[in-house]
Amino acid sequence: MGIIKSQIRNTLYQVEIQSDSGNQLIADEPQELGGGNTGFSPDELLRAALAACTSATLRMYADRKGWDLQGVNLELDFVWDKDLSKTTIRREIHISGNLDDTQRERLLSIANLCPIHKVLSNPIEIITNLS
């Protein structure tokens, strides 16, 4: 897993993000929070990571099994409860293809095994240093 680098300059809340592999994207806050809405917000990036991982994991699994999975569409919602200090991500998976009930149920199980799902479902330790 490579290093992610980010930098923010003078444009309020607009963050340039680069990966070791040369990919780039912009993150920003929505206008109602003072940003320019020029990119995904941080919570959208978190949900996007889960959506991308889930979709790719299901595609890889179905391909290995030779199943007729035609498409995977996800909808993810994010709720933060300050009082309980709890985050809930609701993930709705829509799959299409010539799949029987057993295959559909297996794909649901596989969705819960994607690497990002595992990371988000387990304790996370973040070690921060200032240089």
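Let me begin by describing the structure that accompanies this report. Here the structure is a predicted model, which is why all the values come from computation and not from measurement.

### Quick word on the nonpolar core
Core analysis: the largest hydrophobic core is formed by ten residues, namely L58, Y61, A62, W67, L69, I95, L99, L107, I110 and A111. Among the elements of the structure, α1 (42-65) and α2 (101-111) are those that each provide at least two residues to this core. Apart from the residues within four sequence positions on either side, W67 is in contact with Y61, A62, L99, Q103, R106 and L107. Residues L50, A51, L74 and C114 belong to the second largest nonpolar core, which totals six residues.

### Digging into the sheet that holds strand β3 (residues 24-27)
Within the open sheet, the three strands sit side by side as β1-β2-β3. Their pairing is antiparallel. A strand with exactly one partner marks an edge of an open sheet, and here the two such strands are β1 (4-8) and β3. Here the strands of the sheet are splayed against their neighbours by 25 degrees on average, with no regard to which way each runs. Examined bridge by bridge, β1 and strand β2 (residues 15-19) share five bridges and lie antiparallel to one another. When the bridges of β2 are listed, K5 appears paired with Q18.

### A closer look at the packing of aromatic side chains
Applying the stated criterion across every chain yields a total of one aromatic pair. Considering the side-chain rings of Y61 and W67, the 5.6 Å spacing of their centres and the 75 degrees angle between planes classify their relative orientation as edge-to-face.

### Examining the packing of α1 against α2
Following both chains from N to C, one finds α1 and α2 inclined at 135 degrees, their axes separated by 9 Å at the closest point. Accordingly, the angle class assigned to the pair α1 and α2 is oblique. For α1 against α2, the interelement crossing comes out right-handed. Contacts from T54, T57, L58 and Y61 in α1 reach R106, L107, I110 and A111 in α2. Of the residues assigned to the contact of α1 with α2, the class counts are five nonpolar, two polar and one charged.

Calculation rules
Residues numbered from 1 in each chain as written. Predicted model: local features only at pLDDT ≥ 70, side-chain atom pairs only at ≥ 80, totals over all residues. Heavy atoms only, no water. Core = buried A, V, L, I, M, F, W, Y, C linked by side-chain atoms within 4.5 Å. Buried < 20%, exposed > 50% of the residue type's maximum accessible area, 1.4 Å probe, protein only. Helix = DSSP H or I, 4+ residues; strand = E, 2+ residues; numbered from the N terminus. Contact = heavy atoms within 4.5 Å. Pairing = 2+ DSSP bridges. Axes fitted to C-alpha atoms, helices over the stretch in contact; angles between N-to-C directions. Phe/Tyr/Trp six-rings, centres within 6.5 Å; stacked < 30°, edge-to-face > 60°. Parallel < 35°, antiparallel > 145°, perpendicular 65-115°, else oblique. Left-handed = near helix turned anticlockwise from the far one by under 90°. Nonpolar A, V, L, I, M, F, W, Y, C, P; charged D, E, K, R; others polar.

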